[in-house]
Amino acid sequence: MLALSLQAARNGAIIAVVVFVALAIASAWLMKSIAQKVALVVVLGLLAVLVWTQRASLDDCAKRVKSDRAASASGDPRDTTCTFLGQDITVQN
């Protein structure tokens, strides 16, 4: 299974959202049929929202893991993982 770092997942999510929005705008401009335009814009918009919500969820998980470690008296050095679209993301100190 592919494990990504937290920063790589954050950057990838932002890039994906920008790409989906750009594709939605380009498809609306290039396509001739209104039905095609609407369908593709909706699909790409939903993909952008999915990635953005997963990114926000990942940030919340990473903050929770880091605050739990800070509150822990033992200072547990082990990495903890969160998920992003089903992929494990390593959260490091």
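Quick summary incoming for the structure in this document. Please read all numbers here as calculations on a predicted model, not as lab measurements.

Some thoughts on the environment of Asp-88
Here's step 1: Residue position: Asp-88 is located in strand β3 (residues 87–91).
Here's step 2: When the C-alpha atoms of Asp-88 and Ser-5 are compared, they prove to be 8.7 Å apart, with 83 residues separating the residues in sequence.

Some points on a nonpolar patch on the surface
Here's step 1: There is a patch of nonpolar side chains on the surface, built from Ile-34, Val-38, Val-42 and Leu-46 and spanning about 380 Å² of accessible area.
Here's step 2: Within the secondary structure layout, Val-38 lies in helix α2 (residues 34–71).

Some remarks on the state of the cysteines
Here's step 1: Enumeration according to the criterion identifies 1 disulfide in this entry.
Here's step 2: There is a disulfide in this structure between Cys-61 and Cys-82, and the S-S distance comes to 1.9 Å. Every disulfide takes its handedness from the sign of the S-S torsion; for Cys-61 and Cys-82 that torsion is -85 degrees, giving left-handed. With a gap of 21 residues between them, Cys-61 in helix α2 and Cys-82 in strand β2 (residues 80–84) connect regions that are remote in the sequence. Each of the two residues, Cys-61 as well as Cys-82, counts as buried.

Reading the values: the criteria
Sequence order sets the numbering: in each chain, residues are counted from 1 along the sequence as written. Restriction of local features to residues with pLDDT of at least 70 applies here, the model being predicted, together with a cutoff of 80 or more for giving and counting side-chain atom pairs; totals for whole chains, interfaces and linings are based on all residues. To obtain the side-chain values, all non-hydrogen atoms of the structure were used and water was disregarded. Think of it this way: any DSSP run of H or I at least four residues long counts as a helix, any run of E at least two long counts as a strand, and we number them from the N terminus. For patch building, the residue pool is restricted to those with more than 30% relative accessible area and no salt bridge; the joining distance is 9 Å between like charges and 5 Å between nonpolar side chains (Val, Leu, Ile, Met, Phe, Trp, Tyr). The protein chains shown are the only cover counted for residues, whose accessible areas, like all others here, come from Shrake-Rupley with a 1.4 Å probe. Each salt bridge in this description consists of a side-chain nitrogen of Lys or Arg and a carboxyl oxygen of Asp or Glu lying within 4 Å of one another. Any two cysteine sulfur atoms within 2.5 Å of one another count as a disulfide. Each residue is assigned to one of three classes by its accessible area relative to the maximum for its type, calculated with a 1.4 Å probe on protein chains only: buried under 20%, partly exposed between the two thresholds, exposed over 50%.

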